[in-house]
Amino acid sequence: MSTVLVHIGVRATDLEKTIRFWRDGLGLPVVSTHGSCYDLSDGHHNFRVFQHNGPDRPAHVSGMLDYLHIGVRVPDLEETGRRLLDMGYEIFSDGLGGKEPIDVHNIREGAFKVEDPDGITVDVTASDDQWPGAVLK
């Protein structure tokens, strides 16, 4: 048996705002809650979001210099982009000049990026073959 990735956890500065981003913006369902954390899942992986209760944390470096990013596949790229824009998030590509805004009605790259409330970059695609080695159903 080989190692299997089953869980990712992040600490959120504003838990409710972060859950709205992942649940309402990206469509990842909440499957469980316990105290100050939520478990979201695609049916294969657990994504736990905790409330950060420590000292102020530094902002994430994002764009072409991000040191953490997460990739998700959605059923409808344009619809997800519109929903995130309506929620006040910026949809972008990270070209050589940094963040470049994307028109959600004309996504040429087949993907876009968006930052969660704490600045974590999320790669969003509708493609089944975006990430080598990931077998998606």
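Structure: above.
Thresholds, definitions, all that
Residues numbered from 1 in each chain as written. Predicted model: local features only at pLDDT ≥ 70, side-chain atom pairs only at ≥ 80, totals over all residues. Heavy atoms only, no water. Pairing = 2+ DSSP bridges. Helix = DSSP H or I, 4+ residues; strand = E, 2+ residues; numbered from the N terminus. Buried < 20%, exposed > 50% of the residue type's maximum accessible area, 1.4 Å probe, protein only. Core = buried A, V, L, I, M, F, W, Y, C linked by side-chain atoms within 4.5 Å. Contact = heavy atoms within 4.5 Å. Axes fitted to C-alpha atoms, helices over the stretch in contact; angles between N-to-C directions. Parallel < 35°, antiparallel > 145°, perpendicular 65-115°, else oblique. Left-handed = near helix turned anticlockwise from the far one by under 90°.

(A) Spotlight on the pairing of strand S2 (residues 30-34). As defined by bridge partners, S2 adjoins strand S3 (residues 37-41) across four bridges and the pair is classed as antiparallel. By the bridge assignment for S3, Ser32 is matched with Asp39. Connecting S2 to the antiparallel partner S3 that follows it, the hairpin turn spans two residues, and Gly35 within it adopts a positive phi of roughly 55 degrees.

(B) Spatial organisation of the side chain of Lys113. For Lys113, the position within the fold is in strand S8 (residues 111-115). For Lys113, a relative accessible area of 15% translates into the label buried.

(C) How the structure looks around the nonpolar core. Formed by 27 residues in total, the largest nonpolar core has its most connected members in Trp22, Phe112, Val114 and Val124. Taken together, the elements giving at least two residues each to this core come down to strand S1 (7-12), helix H1 (15-25), S3, strand S4 (46-51), strand S5 (69-73), helix H2 (77-86), S8 and strand S9 (121-125). Per-element accounting of this core gives the leading share, four residues, to H1. Contact partners of Val124, with chain neighbours within four places excluded, come to Leu26, Val72, Val74, Leu77, Thr80, Gly110, Ala111, Phe112 and Val114.

(D) Representation of the packing of H1 against H2 within the structure. Between H1 and H2, the shortest axis-to-axis distance is 10 Å and the interhelical angle comes to 150 degrees. With respect to each other, H1 and H2 are oriented roughly antiparallel. Remark: the crossing between H1 and H2 carries right-handed chirality. Across from Phe21, Asp24 and Gly25 in H1, the residues of H2 making contact are Thr80, Arg83 and Leu84.

(E) Region of interest: the environment of Thr121. Here Thr121 is to be found in strand S9. Considering only alpha carbons, one finds Thr121 and Ile70, 51 residues apart in sequence, at a separation of 6.5 Å.

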